[in-house]
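Commentary on secondary and tertiary structure
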Amino acid sequence: MACTGTSRLCVRACQWRKCSITKKNYSFFSDSSSSFFQTIKKREKCHQSTVIPAIATVSRNYSTSGTYQTGPMSNYEVQPYTLLENDLKDVYTYIRGSLRQNTHLDDLYEISTYYFDGKGKAIRPMIALMMAKAMNYHIHKEDIPLLPSQREVGMISEMIHTASLIHDDVIDQSDSRRGKPSVNVMWNQKKVTMAGDYILAVASMLIAKLRNNDVTLVLSQVVNDLVQGEFMQLGSKESENERFDHYLNKTYKKTASLMANSIKAVTILAGADEELCNLSFAYGKNLGLGFQLVDDLLDFVASSAAMGKPTAADLKLGLATAPVLFACEKFPELNPMIMRRFQEPGDVERAFELVHKSDGLEQTKYLAKKYCEESFRLAQTLTESPYQKGLIVTADYVLKRMK
Ligand code: FPP
Ligand code: MG
């Protein structure tokens, strides 16, 4: 049965969601002090006048590639990856190029580019560039090309993400990722760890080259959050209530912060005001939380082949994700298993079975849906454009992964 709002954990989860999305509480996750944003506004005014090319006022053009059907905007179907095809097609080439430029060590280059093989979904650059275009349209009421700095943020977000995955594969001693042997299987761990550091180092140089202190702060926050989130995952909380908060907080830091802050960075670069920066941050945060909940759900229901990595992997790693935490309500015998991180023989199999017997999967789905719906709602408040529609469709894509 889906969460009706009566389940104790679901109520807590929904409270957490509300607390983090109401306007008053935007600041819980963002450093949106007014002086911070005044500085941005001043700087961006100057930035815009020099960087945004002067484009003659044009009427709204909905014949952009990636949209089809004629008729009113509300009837248009937008395919995010097609819509941004031109903007996304070179992301991996640029990343590989910047990693080539900064080292003469061939094996460092080879290891650090192993995951930049063009086969990833590039969901983070896609979302960042979609928000950039939607914000540019919202602010200027016309189709403004991406700023070079916004394009760079899309690329940087993928580099930070991949650096963290490389470190994660070493920590998790992973076997496979995206349907191929994971990087730690291919090369020795010391070299692999440094290849992750190298990607992060080059990403940091690219951030510095943007010469925008506020964007630097926002993107540095992502790296800190990733480390905090990964560290938080190493510990469990004794009390059930604390455990869910801990899980959501960890999920924000490990997954949602990168989406929220990259989106916020491109919005800052668009010259947006504080309210718009908060809106885009909240869109990314909700989308990121929904995305991770779907991922945690798929770990219980999808086949290994579909995921490109083994399933029930989280339990095997000792991790209690949302489906298990919800299942605890019906099956308290899961509590000691969570505390010992499913280490005793038979724990993983028993926990897997109990999750399937409980309504933990339904509750997780329900919560993911709530987060995605909030992203959906926030995107609807922006000026109608193919890119705004792309943001709406993206929230839907995240949900469709679990169908
Ligand atoms: C995937 O987790 C891992 C992350 C999203 C972040 C990992 C973060 C670190 C290792 C901290 C260091 C950060 C940097 C930037 C170097 P997962 O194991 O749940 O997902 P998976 O199934 O895809 O491996
Ligand atoms: Mg992992």
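Treat the numbers as computed from the prediction; the structure is a model and nothing was measured. (Residues numbered from 1 in each chain as written. Chains lettered and ligands numbered in written order. Predicted model: local features only at pLDDT ≥ 70, side-chain atom pairs only at ≥ 80, totals over all residues. Heavy atoms only, no water.)

A few points about the overall build of the protein chain
Summing up its helical and strand segments, the protein chain has 20 helices and four strands in all. Relative to its full complement of 403 residues, the protein chain shows a buried share of 56%. Across the protein chain, contacts joining residues at least 24 apart in sequence account for 74% of those joining residues at least 6 apart. With an accessible surface of roughly 17500 Å², the protein chain has 54% of that area assigned to carbon and sulfur atoms. (Helix = DSSP H or I, 4+ residues; strand = E, 2+ residues; numbered from the N terminus. Buried < 20%, exposed > 50% of the residue type's maximum accessible area, 1.4 Å probe, protein only. Contact = heavy atoms within 4.5 Å. Areas by Shrake-Rupley, 256 points an atom, 1.4 Å probe, with all protein chains shown as cover.)

Let's talk about the environment of Leu 210
By secondary structure assignment, the location of Leu 210 is in the loop between α10 (189-209) and α11 (213-232). Taking the relative accessible area as the measure of exposure, Leu 210 reaches 13% and is therefore buried. Taking C-alpha positions, Leu 210 is 8.3 Å from Glu 152, a pair spaced 58 residues apart along the chain. Once you skip the residues sitting within four places of it in the chain, Leu 210 turns out to touch Ser 149, Glu 152, Val 153, Ile 156 and Val 215.

Concerning the coordination of the magnesium ion (ligand 2)
Asp 168 (OD) and Asp 172 (OD) make up the full set of protein donors to the magnesium ion (ligand 2), lying at 2.0 to 2.1 Å. Note that Asp 168 and Asp 172 are positioned in helix α8 (residues 148-172) at a spacing of four residues, about one turn of the helix. (Donors = N, O, S within 2.8 Å, 3.2 Å for Na, K, Ca; no water.)

As for the packing of helix α7 (residues 123-140) against α8
Taken N-terminus to C-terminus, the directions of α7 and α8 make an angle of 155°; their axes are 8 Å apart at the nearest point. It follows from the interaxial angle that α7 and α8 lie roughly antiparallel. Remark: the crossing between α7 and α8 carries right-handed chirality. Across the interface between the two elements, Arg 124, Pro 125, Ala 128, Leu 129, Ala 132 and Asn 136 of α7 pack against Gln 150, Arg 151, Gly 154, Ser 157, Glu 158 and His 161 of α8. (Axes fitted to C-alpha atoms, helices over the stretch in contact; angles between N-to-C directions. Parallel < 35°, antiparallel > 145°, perpendicular 65-115°, else oblique. Left-handed = near helix turned anticlockwise from the far one by under 90°.)

Notes on unusual backbone geometry
One non-glycine residue, Ala 122, adopts positive backbone phi at about 50°. Here Ala 122 shows up in the loop between α6 (106-112) and α7. Ala 122 sits in the buried class, given a relative accessible area of 10%.

Re the pattern of salt bridges
The final tally for this structure, using the stated rule, is 20 salt bridges. Between Asp 225 and Lys 253 there is a salt bridge whose closest N-O contact spans 3.7 Å. Within this pair, whereas Asp 225 is found in helix α11, its partner Lys 253 is found in helix α12 (residues 240-269), the two being separated by 28 residues in sequence. When the shortest N-O distance is used, the salt bridge between Arg 350 and Glu 333 registers 2.9 Å. Within this pair, whereas Arg 350 is found in helix α18 (residues 347-357), its partner Glu 333 is found in the loop between α16 (322-330) and α17 (334-339), the two being separated by 17 residues in sequence. Judged by relative accessible area, Glu 333 falls into the partly exposed class, the value being 36%. Overlapping salt bridges, with partners in common, bring together Glu 333, Arg 350, Glu 353 and Lys 357 in one network. (Salt bridge = Lys/Arg side-chain N within 4 Å of Asp/Glu carboxyl O.)

Focus on the confidence of the model for the protein chain
When pLDDT is averaged along the protein chain, the result is 83; 79% of the residues meet or exceed 70. Here residues 1-6 is modelled with pLDDT under 50, and outside its nearest four sequence neighbours on either side it reaches 11 contacts, counting other chains as well. Contacts of residues 14-73 to residues separated by more than four positions or lying in other chains number 118 contacts, the stretch itself having pLDDT below 50. (pLDDT = per-residue confidence, 0-100.)

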